[in-house]
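# Notes for the structure review
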Amino acid sequence: MELVEHKKLRAKKILFLLKKNYGFVPNLFLNYSTDAQMLVAIILSAQSTDNQINKVTKKLFKKYKTVNDFANAKKQVFEKEIYSTGFYKQKAKNIISCFLIIKSKFNSKIPLNMSDLISLPGVGRKTANLILLNKGIVEGIAVDTHVFRLSRRFGLSKSKNANDVEKDLKKIYKKIDWPNINKLFITHGRNLCTAINPKCDNCFLNKKFDNNSNICLKIFKK
Ligand code: SF4
């Protein structure tokens, strides 16, 4: 079993190489102009791709900009407008309820703390972490499908759910590194460490870390 200190050093090397290879990466790949739109884009992105969401929101966000706009949306019309993002009925219901609560309970301002955010319909820790990060507040690490998969392949977590993977990563990485993890793991997950057919032969993490271990612990053989 890998010692904690060894794992921390290996994790540091992983992050260093991801930064070196990918350079500047934005915190979010979704387009928006207002905080309300940011929240909607992140909720819509569940079970979809950022490209698809950006296509849908290009038109949607011309019509809806503020907390009021989303709170007053007509459910059936809104469902049609977000249809191609998948799970449109549930997403429309969550978004409208979410903004009605923001309007009545939070004075039409998106709350900027974890407990209030995750009390909103359709908002889990991943969404909350992304919102906070984009407002300059670091409370945790947003674990999406890429962060979940890569953390396990890297050998940084064996946990079977996103919340526990987040806890494992928070123990391994210093807080100053937390804002970099989501965006760099996602970028690597899209480029090389894809869910199907990861490109281990071309991967810069497929190298020796020391005499006992590779940098990435999971190497897929062809
Ligand atoms: S070596 Fe393979 S499994 Fe490991 S990070 Fe690279 S692509 Fe992913």
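Residues numbered from 1 in each chain as written. Predicted model: local features only at pLDDT ≥ 70, side-chain atom pairs only at ≥ 80, totals over all residues. Heavy atoms only, no water.

## A few points about the overall build of the protein chain
Regarding its fold elements, the protein chain presents eleven helices and zero strands. The secondary structure elements of the protein chain, listed N-terminal to C-terminal, are α-α-α-α-α-α-α-α-α-α-α. A globule of 222 residues ought to have a C-alpha radius of gyration of about 17 Å, and the protein chain, at 19 Å, matches this closely. Overall, the C-alpha framework of the protein chain stretches about 60 × 35 × 30 Å when taken along its three principal axes. When the 222 residues of the protein chain are sorted by exposure, 47% land in the buried category. Carbon and sulfur atoms make up 54% of the accessible area of the protein chain, which totals about 12,100 Å². (Helix = DSSP H or I, 4+ residues; strand = E, 2+ residues; numbered from the N terminus. Rg over C-alpha atoms; globule rule 2.2 N^0.38 Å. Buried < 20%, exposed > 50% of the residue type's maximum accessible area, 1.4 Å probe, protein only. Areas by Shrake-Rupley, 256 points an atom, 1.4 Å probe, with all protein chains shown as cover.)

## Structural notes on the layout of surface pockets
If you add up the space inside the largest pocket, you get close to 690 Å³. For the lining of the largest pocket, the element with the highest residue contribution is helix 8 (residues 125–134), accounting for five residues. When grouped by side-chain class, the residues that make up the lining of the largest pocket number 13 nonpolar, 14 polar and six charged. In this model, the second largest pocket occupies a volume close to 440 Å³. (1 Å grid on protein atoms, 1.4 Å probe; cavity = no way out; pocket = protein on both sides within 12 Å on 5 of 7 lines; lining within 4 Å. Points joined across faces, edges and corners; volume = space filled by probe spheres on them. Nonpolar A, V, L, I, M, F, W, Y, C, P; charged D, E, K, R; others polar.)

## Looking at the pattern of salt bridges
Scanning the entire structure with this criterion turns up nine salt bridges. Across the pair Asp 35 and Lys 135 runs a salt bridge, and its minimum N-O distance is 3.0 Å. Taken together, the residues Asp 35 in helix 2 (residues 35–44) and Lys 135 in the loop between helix 8 and helix 9 (145–154) connect sequence positions 100 residues apart. Owing to a relative accessible area of 34%, Asp 35 belongs among the partly exposed residues under this scheme. A residue is classified by how much of its surface remains accessible, and Lys 135, at 36% relative accessible area, is partly exposed. The closest approach of N and O atoms between Arg 190 and Asp 50, which form a salt bridge, is 2.9 Å. Of the two residues, Arg 190 sits in helix 11 (residues 178–191) while Asp 50 sits in helix 3 (residues 50–63), which places them 140 residues apart along the sequence. (Salt bridge = Lys/Arg side-chain N within 4 Å of Asp/Glu carboxyl O.)

## Things to note about the site of the ligand
Around the ligand, the structure places Arg 153, Phe 154, His 188, Leu 192, Cys 193, Cys 200, Cys 203, Asn 206, Cys 216, Lys 218, Ile 219 and Phe 220. The cavity where the ligand resides is the largest cavity. Its residues assigned to classes, the shell around the ligand shows eight nonpolar, two polar and two charged. (Near = heavy atom within 4 Å. Sits in = over half its atoms within 2 Å of the grid points.)

## Some words on the packing of helix 2 against helix 8
As a packed pair, helix 2 and helix 8 sit with axes 10 Å apart at the nearest point and diverge in direction by 145°. Two packed elements cross with a definite hand, and for helix 2 against helix 8 that hand is right-handed. Here Met 38, Leu 39, Ile 42 and Ile 43 of helix 2 come into contact with helix 8, specifically with Thr 127, Leu 130, Ile 131 and Asn 134. Residue composition of the contact of helix 2 with helix 8, grouped by class: six nonpolar, two polar and no charged. (Axes fitted to C-alpha atoms, helices over the stretch in contact; angles between N-to-C directions. Left-handed = near helix turned anticlockwise from the far one by under 90°. Contact = heavy atoms within 4.5 Å.)

## Comments concerning the environment of Lys 207
One can find Lys 207 in the segment after helix 11. On the basis of relative accessible area, Lys 207 is assigned to the partly exposed category, the value being 45%. Remark: the alpha-carbon pair of Lys 207 and Ile 219, spanning twelve residues in sequence, is separated by 9.9 Å. The contacts of Lys 207, once residues within four sequence positions are left out, are Asn 214 and Ile 215.

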